[in-house]
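Spelled out from the first residue to the last, the chains are:
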Amino acid sequence: MPPVRRKFSIRKANAHLREADPVLARLIDEHGSFQPRPSNDPWSALVRSILFQQLAGAAASAIQRKWFGFYGNEESTPTPEQILATSDEDFRACGISRQKMSYFRDLALHTSDGRLKLSRLNRMSDDDVTTALTAVKGVGEWTAHMHLMFHLGRPDILPVGDLGVRKGMQVAYGLTETPTPKEALEIGARWAPYRTVGSWYMWRAADTFTPDQSL
């Protein structure tokens, strides 16, 4: 699958954000330009996003090495067919919980039977991508948003369900409390149509790893 091409100009995004919000102008000066890392492997990205859910990064990485290694290569994501052929016992031996077994199998089924056509996601609207991905067990809105931002290169995603983004808003805007998702939508409204870029700076403000680094 060819790499996803970024659909917007970072220069224009920075210019818009500087004009729209002096807080972001300061963050751009402090942290430099937005650095997207679009992926050409949406299947691996989704598998990893499920694997890393509710796990510390080091623990998830250790499980990943053991699980991927079970199929013969610690660096290679198992295929849908390999996942569907894996027994409960083998999953457990690799450290995969029963809940995540069901998530991986549902993702593999959706992919293998054509309900989820990963090659078509890049041609779909943001809302349609979210609908298609969240039809899979274990893939919620947060995972869909991360996929849109970091693997499809979409410019205008504001993941208000991400605590890091909201913590960044608290720090950047000097708020006494972490904003609610509704309040975060209001804060980020002025960033449109580059809310992905604005969100990236909120992770920077909170001094957290962005999902493209950890997933």
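Above this text sits the structure in question.
Residues numbered from 1 in each chain as written. Predicted model: local features only at pLDDT ≥ 70, side-chain atom pairs only at ≥ 80, totals over all residues. Heavy atoms only, no water.

With that out of the way, let us pick up the overall build of the protein chain. Tallying secondary structure elements over the protein chain gives 13 helices and 0 strands in all. Reading the helices (α) and strands (β) of the protein chain from amino to carboxyl end gives α-α-α-α-α-α-α-α-α-α-α-α-α. Over its C-alpha atoms the protein chain spans a radius of gyration of 18 Å, differing by no more than 12% from the 17 Å that the globule rule assigns to 215 residues. Projecting the C-alpha coordinates of the protein chain onto the three principal axes gives extents of approximately 55 × 35 × 30 Å. Every one of the 215 residues in the protein chain was classed for burial, and the buried ones make up 47%. Partitioning the contacts of the protein chain with sequence separation of at least 6, the portion at a separation of at least 24 is 64%. With the model as given, the accessible surface of the protein chain reaches about 10,600 Å², and the carbon-plus-sulfur share is 50%. For the protein chain, the distance from the average position of its 27 positive side-chain charges to the average position of its 24 negative side-chain charges is 3 Å. (Helix = DSSP H or I, 4+ residues; strand = E, 2+ residues; numbered from the N terminus. Rg over C-alpha atoms; globule rule 2.2 N^0.38 Å. Buried < 20%, exposed > 50% of the residue type's maximum accessible area, 1.4 Å probe, protein only. Contact = heavy atoms within 4.5 Å. Areas by Shrake-Rupley, 256 points an atom, 1.4 Å probe, with all protein chains shown as cover. Lys, Arg positive; Asp, Glu negative; His and termini not counted. Charge placed at Lys NZ, Arg CZ, Asp CG, Glu CD.)

Our next topic: the nonpolar core. One finds Trp67, Ile96, Phe104, Tyr201 and Met202 to be the most contacted residues of the largest nonpolar core, which totals 58 residues. Sorting elements by how many residues they give to this core places helix α12 (residues 195-205) first, with 6 residues. Those residues in contact with Met202, other than ones at most four positions away along the chain, are Leu24, Leu27, Gly164, Val165, Gly168, Met169, Ala172, Tyr173 and Trp191. (Core = buried A, V, L, I, M, F, W, Y, C linked by side-chain atoms within 4.5 Å.)

A few words on the environment of Tyr173. Tracing the backbone through its elements, the reader meets Tyr173 in helix α10 (residues 163-173). Expressed as a C-alpha distance, the spacing of Tyr173 and Ala205, which sit 32 residues apart in the sequence, is 9.7 Å. Tyr173 has contacts with Asp21, Val23, Ile187, Trp191 and Met202, leaving out every residue within four places of it along the chain.

Our next topic: the packing of aromatic side chains. Within the structure shown, the criterion is met by 10 aromatic pairs. On the numbers, 6.2 Å between centres and 70° between planes, the contact of Trp67 with Tyr71 is edge-to-face. The same class applies to Trp67 as to Tyr71, namely buried. Seen from their ring centres, Trp67 and Phe104 are 4.6 Å apart, and the 35° between their planes marks the pair as tilted. With Trp67 in helix α4 (residues 57-70) and Phe104 in helix α7 (residues 98-112), this residue pair connects regions lying 37 residues apart in the sequence. In this structure, Trp67 and Phe104 share a single accessibility class: buried. By way of ring pairs, the aromatic residues Trp67, Phe68, Phe70, Tyr71, Phe91 and Phe104 are connected into one cluster. Between Arg204 and the ring centre of Trp200, over which it is positioned, the NZ or CZ distance is 5.0 Å. (Phe/Tyr/Trp six-rings, centres within 6.5 Å; stacked < 30°, edge-to-face > 60°. Lys NZ or Arg CZ within 6 Å of the ring centre and 35° of its normal.)

The next point concerns unusual backbone geometry. Here Ala192 and Pro193 are connected by a cis peptide whose omega angle stands at 10°. With respect to the secondary-structure elements, Pro193 resides in the loop between α11 (181-188) and α12.

For α7, built from 15 residues, the straight-helix expectation of 21 Å at 1.5 Å per residue is met to within 8% by its first-to-last C-alpha distance of 21 Å. Tucked into the core, α7 has its buried residues touching α3 (42-51), α4, α5 (80-84) and α6 (88-93). (Expected span 1.5 Å × (residues − 1).)

Summed over the entire model, instances satisfying the criterion amount to 9 salt bridges. Salt-bridge contacts for Arg98 lead to Asp88; the nearest nitrogen and oxygen are separated by 3.5 Å. Taken together, the residues Arg98 in helix α7 and Asp88 in helix α6 connect sequence positions 10 residues apart. Taking the shortest distance from any N to any O, the salt bridge between Arg92 and Glu89 comes out at 3.7 Å. Linking Arg92 with Glu89, this pair stays in helix α6, spanning 3 residues, or about one helical turn. Overall, the relative accessible area of 51% leaves Glu89 in the exposed class. Salt bridges here are not isolated pairs; linked through shared partners, they connect Asp88, Arg98 and Arg105. (Salt bridge = Lys/Arg side-chain N within 4 Å of Asp/Glu carboxyl O.)

Our next topic: the environment of Ser125. In this fold, Ser125 is placed in the loop between α7 and α8 (126-134). When the C-alpha positions of Ser125 and Gln170 are compared, they lie 30 Å apart, and in sequence the two are 45 residues distant. For Ser125, the side chain forms a polar contact with the main-chain nitrogen of Asp128, separated by 3.1 Å. (Polar contact = N/O pair within 3.5 Å; in protein donor to acceptor, adjacent residues only side chain to side chain.)

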